[in-house]
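One-letter residues, chain by chain:
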Amino acid sequence: MKYDHTEIELRWQDTWDKKNVFLAEVDHSKPKFYCLEMFPYPSGNMHMGHVRNYSIGDAMARFQRMMGKNVLYPMGYDSFGMPAENAAKKERGHPADVTNRNISSIMSDQKRMGYSYDWGRQFATSEVDYYKWNQSMFLDLYEKGLVERRSAPVNWCVDCDTVLANEQVKNNRCWRCGLEVVQRDMSQWFLRMTQYSDELLDSLDQIGFPENVKAMQRNWIGRSKGAEIRFPVEGSNHEIACFTTRPDTIFGVTFLTLSPEHELCPILCSGSSWEDGWLELKDECAKLSEFERINLLKEKKGVFLGRYALNPLSGERIPIYAGNFVVAGYGTGAVMAVPGHDQRDFEFATKYGLEIRTVLEDGSNSNSEESASSAFTGYGPMFGSTRMELDGLAGDEAKSAVISLLESENSGSGKTQYRLRDWLLSRQRFWGTPIPMVHCSSCGTVPVPKEELPVTLPLDLTFSEDQGGNPLASHEKFCSVNCPKCGIEATRETDTMDTFYDSSWYFMRFCDAKNSESPFSRQAVDYWMGDGVDLYIGGIEHAVMHLLYARFFTKATRDMGMNSVGEPFERLVCQGMLNAPAPYCKSCNAEYHVDLDGQSCPSCGDVLGTRSAKMSKSLGNTVSPVEMIDRYGADTVRLFILFGANPEAGMEWSDTAIDSNHRHLVSIIDAFQAPLSFGDSKQNIDNWLLAKGRYNMIRWMQSMENVSLREGVMISHYEMLSDWQWYQRRGGSDRNAALSYMSIWAQMIAPATPHIAEELWMSIGGKGMLANKIAKPEEVTQDDKVLLATETYLKSVIDTSRNLLTLAQRHSDRPLERMVIQTAPSWAQDLASEAVSLSRVGFDFPNSGLDHIKSHPTFTTSEDKGKVMQTWSMITTGAKKKRGKIQTWSEDEKALISIPEMELSILDADRHFIATSLGIKQVDVYEAGLGEDVGGKARFAMPLEPGIAFV
RNA sequence: GCAGGGGUACCCGAGCGGUCAAAGGGGCCGGACUUAAGCUCCGGUGGCAAGGCCUUCGUGGGUUCAAAUCCCACCCCCUGCACCA
């Protein structure tokens, strides 16, 4: 068969499409499987990262379909967002046009890969039919009290001209453009995600996310339990509230530290000689955020504010400081400093000569040198407190005792603090969902009534690069509206929604994509997402943002009665990085663009080497999927991706490997041609072939089920071929057996390389299409096990012999021509077989084995009692460092041993094959003791390990 | 600093108490096929005096009759968070 991959692939894609084989319908008679990939932002062409993501998903979707599941496998586009807006500015067009162009490009690339999506459910989030539901659910959330408009200091990116959510700020920089963010006080829309902090954190334990993703989310939510303690300020009515996780160290407080931005700072020091110092510190901190804050903040700095507070439990008078290391936005922005038991406070106290007091016993016996340079931050019994009843308490017990004491004296309380903030939803950008609100001078902010939805983005706009701000704000027709409440002239809200809102529920829309009455029907979502999306595949970069928002949204809609799903994603697989070589300078530890390949380092002048680095435009080490599809076909690209590495592992692009994968596919095609010329010639090896096929398929199914795709593909595309080659080498040539093997094989290669699988399936006369065929799980019988063990045994005898032959040949001055194989004597075989039976009933060989053999007829009647005893112990308990054979034989080998004379008959039947494999003229096989003991090799003869001699 | 994941033969990578000198792939070497190269097939790929012995799974200790695998300490790499009280 000529392998014209383009012709074959396009033909099958067309057939699948015409027969609608991938359309999904609710069907309660089958178990469902929802396979989902993180839908792409349509930035242009499909890149290799997409190909990897979708090849994994498609293999799983196809596999689960074959396993008889009702599979939902949809695709759509996350098409709102800034890049389209920026591109529109460049070409003086409209983002809608840019977006539509990109969507059709990426969609056609996806179709060319042959992914089995239900295209009937496809949508893009920038379509009115989608985003009107964004608005409708926003109003529902508003109704439910989960939407809030409030003025707060927010992160502003000057370059992107918009506010950012907390999750979108990394290292104080904008996640998109990398520019340092600034704080601004603005009135903004928030979703009250913090209402769900505890559930978002606690239910992480129940879901199948990778550990690192769970860790990142836990870290992000950042729940810490402790207490809020109020310290009265001496000589004033003010109190300073401090959050601490260590109330048990309250008697070690020797000062308080406020963040320089803390509202009490000016109150405490204004007009005093300390005011200038505070102002200076505050200015310095504000300036610092404009450049490398992280590096410069290593040094702790603080100023005394000139006032004292009182320890609420001891009444002790303690100084109040402002310190640059106290974060205004966390807790109360004020810290009770315990230098004896907190490293940061220790450093601060050391620098400013403040008292360092120990109030917990350090049981670890650390030496005095260590304690001079660090605080003891562990737990230990309290001592020296002014409240005797607390002394001696440690850990949680101490914490709760202090908390109840504070509560009873009304100077503090137990408190749980979270790092998670509410989701800042509004963006000052055009290309997003308009927030359906109206600002009225007399009614305030008023929601747009549902029946007036959608609030549509105007299309009669052009964009240009010299334009700043949000063009919506200057679009008069859009802005002018009458107040829905009182009817007077009002203005529309011009902020749009964060695009992460769009992707927070798209997976529910996929369940019911054409619904025109509501975002989705409860029945459809409950059916497809009853226990979550069964498999969700995407990049680790969404570990916090998207995955947290989507979990929140699912819980919020559940509580609004829209579904009964608690967690959206039951199992998450994050595919690894796709790497390719890039020029690399070892001494500078820097990677460079491939243009510098073979040249010297631009900064130090050393000769550049290469190193594997993430495929990226900036390094230029990307590979174009379309080019590869043209050259090798979609099937080869898919095989390369799946065989190259397991989904979670990083993988390396390799030109030689994809080439070799392509040749491998050609070998499989060639293998399928062979049976066509076969006739009827039934032999023993045919049964082996069928048994091996069944055995492989079962292992394959297990691997695929676990999403161990590399392992699965190794079995379906590699082991199946080598087993086929072994069959032919062993002289197999039966048409029926071969076709039966091929029919299993074609099914196994279908999930990874579906086009060629269909073609091969058709070529062997298979009925219907593999795309909707249900694979029948096969059983491996006891007979199969013996057949499998037979060939393994034969292979091992040949391998050992080959090794022995080279050694023997070394000591011989003429070519060795004859091989003599002596199998273990029948009494030894019998003992082995008996030992196998005994081991199955848990016989105690170390203790009772000796008695057993001493009274055994084989031993009592034997001429050579020593030999019998030695054999028995080698079988049962082992000798020297080796364990008894009984413990090392596999189940298959045990099955083989239990059949009398089996070894002899296997070897005897295949004398000719052994001879050819070794290049020997003659092979003689007999039982040790029943023929001449050639070379004295009879003594090596053990069950499954015959004595072998060459002459 | 904290958290998560890693370090296995020339390279990639499986194994996670004994069946392990360690699957599979790539590369390399040899043989067969071929006029030849390529393709394909077969074999080899830690060392040696070879049915065995010795050395090896980041480094050093330990547990065990037995350790790549379990425990402890250390070193290195990746990823994320980071003065979070």
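Residues numbered from 1 in each chain as written. Chains lettered and ligands numbered in written order. Predicted model: local features only at pLDDT ≥ 70, side-chain atom pairs only at ≥ 80, totals over all residues. Heavy atoms only, no water.

### Details of the confidence of the model for chain A
The test is simple: Here pLDDT means the predictor's own confidence in every residue, given as a number from 0 to 100.
For chain A, mean pLDDT is 88; residues scoring 70 or higher make up 96% of the total. Across the assembled chains, the prediction reports ipTM 0.92 with pTM 0.91.

### Here we look at empty space enclosed by the protein
For the record, the criterion: Here the term cavity refers to a set of points on a 1 Å grid, laid over the protein atoms alone, in which a 1.4 Å probe fits but cannot get out; the term pocket refers to an open set having protein on both sides within 12 Å along at least five of seven lines, with lining residues being those that place an atom within 4 Å of a point. Grid points are joined across faces, edges and corners, and a volume is the space filled by probe spheres set on the points. For the purposes of this entry, the term helix denotes a DSSP run of H or I that reaches at least four residues, the term strand denotes a run of E that reaches at least two, and both are numbered from the N terminus. Residues were grouped as follows: Ala, Val, Leu, Ile, Met, Phe, Trp, Tyr, Cys and Pro as nonpolar; Asp, Glu, Lys and Arg as charged; and all remaining residues, including Gly, as polar.
Per the counting criterion, the structure on display carries three cavities of 30 Å³ or more. The calculated volume of the largest cavity comes to roughly 180 Å³. Along its surface, the largest cavity is lined by 17 residues, and Met82, Arg176, Arg427, Asp498 and Thr499 are the ones closest to its centre. Going through the elements one at a time, helix H3 (82-91), strand E4 (162-164) and strand E21 (496-497) are the ones with two or more residues in the lining of the largest cavity. Of the residues assigned to the lining of the largest cavity, the class counts are six nonpolar, six polar and five charged. Empty space within the second largest cavity amounts to approximately 70 Å³. Surrounding the second largest cavity, Trp16, Arg62, Arg65, Met66, Ala750, Pro751, Pro754, Glu758, Leu770 and Ala771 form its lining. Secondary structure elements with two or more residues in the lining of the second largest cavity: helix H2 (48-66) and helix H25 (754-763). For the lining of the second largest cavity, the element with the highest residue contribution is H2, accounting for three residues. For the lining of the second largest cavity, the per-class residue count stands at seven nonpolar, no polar and three charged.

### Points about the side chain of Asp723
Applied cut-off: Only protein chains enter the accessibility calculation, which uses a 1.4 Å probe; a residue whose area is less than 20% of its type maximum is buried, one above 50% is exposed, and one in between is partly exposed. Any pair of residues with heavy atoms lying within 4.5 Å of one another is described as a contacting pair.
Along the chain, Asp723 falls in helix H23 (residues 709-729). Judged by its relative accessible area of 6%, Asp723 falls in the buried class. Discounting chain neighbours no more than four positions away, the residues touching Asp723 are Trp688, Leu689, Lys692, Asn696 and Tyr741.

### Describing the layout of surface pockets
As a volume, the second largest pocket reaches approximately 1700 Å³. Among the elements of the structure, H2, helix H15 (499-502), strand E22 (535-538), helix H18 (545-559) and helix H19 (625-632) are those that each provide at least two residues to the lining of the second largest pocket. In terms of residues, the lining of the second largest pocket owes the most to one element, H2, which gives six residues. Of the residues assigned to the lining of the second largest pocket, the class counts are 21 nonpolar, 18 polar and six charged.

### Things to note about unusual backbone geometry
In the segment running from Leu453 into Pro454, the intervening peptide bond is cis, with an omega of 0 degrees. With respect to the helices and strands, the residue Pro454 is situated in the loop between strand E18 (444-447) and helix H14 (476-479). Positioned with a positive phi, Asn20 is a non-glycine residue whose angle comes to about 55 degrees. Relative to the assigned elements, Asn20 resides in the loop between helix H1 (5-18) and strand E1 (32-37). Judged by relative accessible area, which is 45%, Asn20 ranks as partly exposed. Phi is positive for Leu944, which is not a glycine, with a value near 70 degrees.

### Looking at the environment of His717
Checked against the element boundaries, His717 lands in helix H23. Owing to a relative accessible area of 0%, His717 belongs among the buried residues under this scheme. As a C-alpha pair, His717 and Leu639 span 78 residues in sequence and 8.8 Å in three-dimensional space. Excluding residues that lie within four positions of it along the chain, His717 makes contacts with Leu639, His664, Leu665, Ile668, Ile749, Ala752 and Thr753.

### Looking at helix H7 (residues 211-221)
To be explicit about the condition: When we speak of the arc, we mean the arc of directions from the helix axis to the C-beta atoms.
What H7 keeps buried is the set Val213, Lys214, Gln217, Trp220 and Ile221. Taken down its axis, H7 places every buried residue within 125 degrees of arc, on the same side. In H7, the exposed residues that point more than 90 degrees away from the buried face are Glu211 and Asn219. Against helix H6 (197-202), H18 and strand E23 (572-574) lie the buried residues of H7. Gly222 occupies a position one or two residues after H7 and carries a positive phi of about 55 degrees.

### Section: the pairing of strand E20 (residues 489-492)
The criterion, for reference: Two strands pair if DSSP finds at least two bridges between them.
Pairing between strand E17 (residues 437-440) and E20: two bridges, direction antiparallel. From the neighbouring strand, Val438 faces E20, where its bridge partner is Arg492. Examined bridge by bridge, strand E19 (residues 480-482) and E20 share three bridges and lie antiparallel to one another. The partner of Ser480 across the bridge, within E20, is Thr491. Linking two consecutive strands that pair antiparallel, namely E19 and E20, is a turn of six residues; a positive phi of about 85 degrees is found at Gly487 within it.

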